[in-house]
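# Per-entry structural report
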Amino acid sequence: MPEIEIDGQLVQAPEGATIMEVAEQLGVYIPHFCYHKKLSIAANCRMCLVQVEKAAKPVPACATPATNGMKVFTHSSLAVKAQQGVMEFLLINHPLDCPICDQGGECQLQDLAVGYGAGASHYQEEKRVVFHKDAGSLISMQEMSRCIHCTRCVRFGQEIAGVMEFGMANRTMHSEIVTFLGRSVDSELSGNMIDLCPVGALTSKPFRFAARSWELSRLPSISLHDSVGANLTVQARNHRVMRVLPRENEAVNECWISDRDRFSYEGLNSPERLTKPMIRVDGQLREVEWSVALDYAAHGLRDIVARHGADEIAALAAPWSTLEEMHLLQKVVRGLGSGNVDFRPRRYDYAPSGVPAGARWLGMRIAELNELDTALVVGSFVRKDIPLFAQRLRQAAKHNGTRVTLISLGNDDPLMAMHEHVVVAPSELPAALARVVKAAALQCRVPVPAGLEAIVPDIPSEAIATSLRVRGRSMIFLGRVAVQHPHAVQIHVLAQHLSDITGANLGFFGDSGNIVGGYLSGALPSARNARTMFTDPRRAYVMLGIEPELDCHNPQLTLAALRQADLRIVLSPFISEAMREYADVLLPVAPFTETSGTFVNAEGRVQSFKGVVRPLGEARPAWKVLRVLGNLLNFDGFDQESSEEVRDAVLPPETLIDGEFASGLDNGIKLPIDPAALVSAKGVFERVADVPIYFSDPLVRRAPALQKTRDAAPPTARMSARTLAEAGLVAGAPVRLRQESIAGSGEAVLTAALDDGVPDGCVRVSAAHPATAALGDMFGPIQVEPV
């Protein structure tokens, strides 16, 4: 390792490191704008000029490799003079309007101008003006005259987000950062460019002129939207969340967060926030005191048990509820004598009773995604389902040559180099995976698993099997679609066989923020699961943090079951129109920023957090509400004084691995292959249901800025050209869609759209949206007819 001296400090530099990186290692600050540790080196701002012994002139620290014997002076008179000269050039055309700039108080240019700027400029000419541009509802480009052309935003799009949405147009003093042909910025990671911008050129449109940085309190929190468990800094003023920023954690989210994590806070102050308890009196919901609402709920549950038996009670928790909330909910349900409790509302297929259901997890540490040699992702719209996992796989493919293969239900561009991308209809997904299993068995010369005798491998399956078998560290990931598929258990069984044959590990991406925590909380059914509690309707339902009309696999079936029930208790931060129709008791509970709790992310990392602001109105933390409900029902074990007590009862500190990872995680399954699951549907149209990124949970559905983005556009009936012709449709025409279930027939009228990425014979219709809530299962037969 070369030895380098910086400001008199001698240090060994890693091979290939730059002066900037070595200085950071020593804790020596070198001013800079364009340099960022996660981006490629541009060396175009020149602010990091330093003096190197025997060099003819100052050199940029960000682009100069550290060599053995090098002596660097970062604060010599020569270096400082060069840095001051660069600062003067940067300010020639910069509007010196710090008092009104939205970046004031947290501006890198402002900070460095104090240290390196002169009291007066040599240049008195008129400053140039760059007209503002419209980049969409999330990023403001109102003050592009402030841009210093560091190109961080351009490089982020190319290198991290995978799509170049910003570029540099023109040359010299006429250079401008522009979007491509005036289009909006639509990447699911676009908000990170706001953080990267060192000046006030790119700012947050929802936060614009809302507050000054010094007015805000800053507290740590954890994202609930997906299984990454991204670390957040939540900024608040006067007990109102004003902004959410990433909190750096290399092992989890690095220094990035998705736009869903960043902007969903707007939903916290939605007009639909439920702030007072309500009960139904004479057919109308009335606001009441907490004691009245809880007594009503407790009496109603006891009455159902007394008159009809405990098996008539069912409870469903949202998979983004905290570990503590799910644990106390299942304790209440089991205390009543019922085993009908679950936290997987969008699941259709469950392992048979008696088959161990371990906590399904990623199968590895998140940080190791970048180090994989081969990754097979089965059943996932990975880029939108879990943006930060997709980002890590993108970097692995780009920098490490990782072979990423996707078996999916649509040809969505994952924005990464793909080894293979196999697109199939939903009914063909198990067979597509079965072909890979058989190809791997034949290549490895091991017995073909029973049930695959009729399967014939094809060229893509051969290539996929080879990549898993001959490459070093390999993983098989089951995504959201695989977990919510009608044959989810058989897909899991096939993936287990593939893992056993090739030696690749098996993991689950997870489809919501606290899926692993749900398994660990004990909120698993010993009787009816999240589907059968609605196919075989119960007389009483308890709903925690969920909007069943949007968050269940079959909303039509779910609402039919709720409407016939005698008692419906809803614990929710929000009140929807559907709740006003069916709820008998509405208990306002606090969202994640107003309560304490724990999320366990996909890798099993236990991350606890505290409330950032006090609950709105009379809302209360759900764990406290459930604890009091347990007390009113005279159950033992409901005397906790804090959420930490509940957490430690579920996950005792001595059981945690390295003090932060849950133990007992298991992806294994041992069941025979069912050949019936490998038969494709014939002669019918099939529905392909994605869950749009900005409709995935109640909070994002109420964030105004996210709802103005392209990803939040109303659903259409997307079909290939061949499918449109078979259905007698043309793109842009209205189409009536129908699905049958035991609850009856549901229909929706949408606009037909051409999408050749959808498999032939399939209709892609998004779930979790009011326009499609009347339909049935997320996957299965669907009738299509012109209006």
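Residues numbered from 1 in each chain as written. Predicted model: local features only at pLDDT ≥ 70, side-chain atom pairs only at ≥ 80, totals over all residues. Heavy atoms only, no water.

## Digging into the overall build of the chain
Formally: Secondary structure elements follow DSSP: runs of H or I of four or more residues count as helices, runs of E of two or more count as strands, with numbering from the N terminus. Taken over C-alpha atoms, the radius of gyration is set against a globule rule of 2.2 Å times the number of residues to the power 0.38. A simple rule labels every residue: compare its accessible area, found with a 1.4 Å probe on the protein chains alone, to the largest value its type can have, and call it buried under 20%, exposed over 50%, or partly exposed in between. Contacts were defined at the residue level, with two residues in contact if any of their heavy atoms lie within 4.5 Å. Accessible surface is estimated by sampling points in the Shrake-Rupley manner with a 1.4 Å probe; for residues, cover comes only from the protein chains shown. None of His or the chain ends enter the tally, which takes Lys and Arg as positive and Asp and Glu as negative. Lys charges are placed at NZ, Arg charges at CZ, Asp charges at CG and Glu charges at CD.
Within the chain one finds 22 helices and 34 strands. For 787 residues, the compact-globule estimate of 2.2 N^0.38 gives 28 Å, and the chain sits close to it at 28 Å. With respect to the three principal axes, the spread of C-alpha positions in the chain is 90 × 65 × 60 Å. Considering the chain as a whole, with its 787 residues, one finds that 61% of them fall into the buried category. Counted over contacts in the chain with a minimum sequence separation of 6, partners at least 24 positions apart contribute 72%. Per element, the accessible surface of the chain, about 29,800 Å² overall, is 52% carbon and sulfur. Each charge class in the chain can be summarised by its mean position, and for the 77 positive and 89 negative side chains these summaries are 2 Å apart.

## Examining the packing of helix H11 (residues 429–444) against helix H14 (residues 488–502)
For the record, the criterion: Think of each axis as a best-fit line through the C-alpha atoms, taken over the contacting stretch in the case of a helix, with angles from 0 to 180 degrees between the N-to-C directions. These descriptions rest on fixed angle ranges, namely under 35 degrees for roughly parallel, over 145 for roughly antiparallel, 65 to 115 for roughly perpendicular, and the rest for oblique. It is the rotation of the near helix from the far one that decides the hand of a crossing: anticlockwise by less than a right angle makes it left-handed, clockwise makes it right-handed.
At a closest axis distance of 9 Å, the pairing of H11 and H14 adopts a crossing angle of 20 degrees. Our classification of the angle between H11 and H14 gives roughly parallel. Helix-helix and strand crossings are classified by hand; for H11 and H14 the assignment is left-handed. Contacts between H11 and H14 involve Leu429, Pro430, Leu433, Ala434, Val436, Val437, Ala440, Ala441 and Cys444 from the former and Ile491, Leu494, Ala495, His497, Leu498, Ile501 and Thr502 from the latter.

## Points about the pattern of salt bridges
The following threshold applies: In what follows, salt bridge is the name for a side-chain nitrogen of Lys or Arg lying within 4 Å of a carboxyl oxygen of Asp or Glu.
Summed over the entire model, instances satisfying the criterion amount to 52 salt bridges. Lys37 is the salt-bridge partner of Glu248, the closest N and O atoms lying 2.3 Å from each other. Of the two residues, Glu248 sits in the loop between strand E13 (240–246) and helix H6 (259–263) while Lys37 sits in the loop between helix H1 (19–26) and strand E3 (49–52), which places them 211 residues apart along the sequence. Residue classification places Glu248 among the partly exposed residues on the basis of a relative accessible area of 45%. Note that Asp186 and Arg710 form a salt bridge whose closest N and O atoms lie 3.5 Å from each other.

## Some details on the UniProt feature "domain: 4Fe-4S His(Cys)3-ligated-type" (unreviewed entry) in the chain
To keep things clear, this is the line we draw: UniProt positions are given in the numbering used here, feature names are shortened, and annotations may be inferred rather than shown by experiment.
Here the UniProt-annotated "domain: 4Fe-4S His(Cys)3-ligated-type" (unreviewed entry) positions come out as residues 78–117. Between the end C-alpha atoms of residues 78–117 the distance is 15 Å, and the span holds 55% helix and 0% strand.

## A few points about the pairing of strand E23 (residues 540–544)
Convention followed: Pairing between two strands is assigned when DSSP locates at least 2 bridges connecting them.
Most of E23 sits inside the fold, with five of its five residues counted as buried. Here strand E16 (residues 313–317) runs beside E23; their pairing, made up of five bridges, is parallel. When the bridges of E23 are listed, Leu316 appears paired with Met543. Note: E23 against strand E24 (residues 567–572), five bridges, orientation parallel. Across the sheet, the residue bridging to Val542 is Ile569, located in E24.

## Structural notes on unusual backbone geometry
The residue Asp7 is not glycine, and still its phi comes out positive at about 50 degrees. Relative to the assigned elements, Asp7 resides in the loop between strand E1 (3–6) and strand E2 (9–12).

## Examining the sheet that holds strand E7 (residues 139–141)
Within a beta sheet, neighbouring strands are joined by backbone hydrogen bonds and run either parallel or antiparallel to one another. Across the sheet, which stays open at both edges, the three strands sit in the order E6-E7-E10 with antiparallel pairing between neighbours. Looking along the sheet, the strands with just one partner apiece sit at the ends: strand E6 (133–134) and strand E10 (203–204).

## Details of a negative patch on the surface
Definition in use: Like charges within 9 Å and nonpolar side chains (Val, Leu, Ile, Met, Phe, Trp, Tyr) within 5 Å are joined into patches, using only residues over 30% in relative accessible area that form no salt bridge.
Taken together, Asp636, Asp639, Glu641 and Glu645 make up a surface patch of like negative charges. Mapped onto the elements, Asp639 comes out in the loop between helix H20 (622–632) and helix H21 (643–650).

## Some words on the sheet that holds strand E12 (residues 231–237)
Read across the sheet, three strands follow the order E11-E12-E13 without closing on themselves; strand pairing throughout is antiparallel. The sheet is open, and its two edges are formed by strand E11 (217–222) and E13, each paired on a single side. The sheet shows a mean angle of 30 degrees between the axes of neighbouring strands, taken without regard to direction.

## Notes on the packing of aromatic side chains
Our working definition: Stacked, tilted and edge-to-face are the three classes assigned to paired rings of Phe, Tyr and Trp, where Trp is represented by its six-membered ring and a pair needs centres within 6.5 Å; plane angles under 30 degrees give stacked, over 60 edge-to-face, the rest tilted. Two conditions define a charge sitting above a ring: the NZ of Lys or the CZ of Arg must be within 6 Å of the ring centre, and it must be within 35 degrees of the ring normal.
Across all of its chains, the model carries eight aromatic pairs by this definition. Taking 5.4 Å as the distance between ring centres and 45 degrees as the angle between the ring planes, the aromatic pair formed by Phe389 and Phe509 counts as tilted. You can see Phe389 sitting in helix H10 (residues 387–399) and its partner Phe509 sitting in the loop between strand E22 (505–508) and helix H15 (515–521), a full 120 residues away along the chain. For Phe389, a relative accessible area of 1% corresponds to the buried category. Members of the aromatic cluster, joined through ring pairs, are Phe389, Phe477 and Phe509. The ring of Phe638 has Lys331 lying over it, and the distance from NZ or CZ to the ring centre is 4.9 Å. Directly above the aromatic system of Tyr350 lies the positively charged group of Arg347, at a separation of 5.7 Å from the ring centroid.

## Some details on the pairing of strand E8 (residues 166–169)
Pairing geometry for E8 and strand E9 (residues 176–179), over four bridges, is antiparallel. Residue pairing across strands places Ala169 opposite Glu176, the latter belonging to E9.

## Brief notes about the side chain of Arg260
Filter applied, for reference: Throughout this description, a polar contact denotes any pair of N or O atoms lying within 3.5 Å of each other; where both atoms belong to protein, one of them has to be capable of donating a hydrogen while the other can accept it, and for residues adjacent in sequence the pair is counted only when both atoms sit in side chains.
Assignment of secondary structure puts Arg260 in helix H6. A distance of 3.2 Å separates the side chain of Arg260 from the side chain of Asp226, its partner in a polar contact. A polar contact of 3.2 Å, which involves the side chain of Arg260, links it to the side chain of Ser696.

## Some remarks on the environment of Arg627
Its location among the elements puts Arg627 in helix H20. Owing to a relative accessible area of 16%, Arg627 belongs among the buried residues under this scheme. Sequence separation of Arg627 and Leu329 is 298 residues, and the distance between their C-alpha atoms is 8.7 Å. Sequence-distant contacts of Arg627, defined by excluding residues within four places in its chain, comprise Leu328, Phe638, Gln640 and Glu641.

## What about the packing of helix H8 (residues 323–335) against H21?
Heads up, the condition is: Gly counts as polar in this scheme, as do all residues outside two lists: the nonpolar Ala, Val, Leu, Ile, Met, Phe, Trp, Tyr, Cys and Pro, and the charged Asp, Glu, Lys and Arg.
The N-to-C vectors of H8 and H21 enclose an angle of 70 degrees; their axes lie 9 Å apart at closest approach. Here H8 lies roughly perpendicular to H21, going by the angle between them. For the pair H8 and H21, the contacting residues are Leu323, Glu324, His327 and Leu328 in the first and Ser643, Val646, Arg647 and Val650 in the second. Looking at the contact of H8 with H21 residue by residue, the classes come out as four nonpolar, two polar and two charged.

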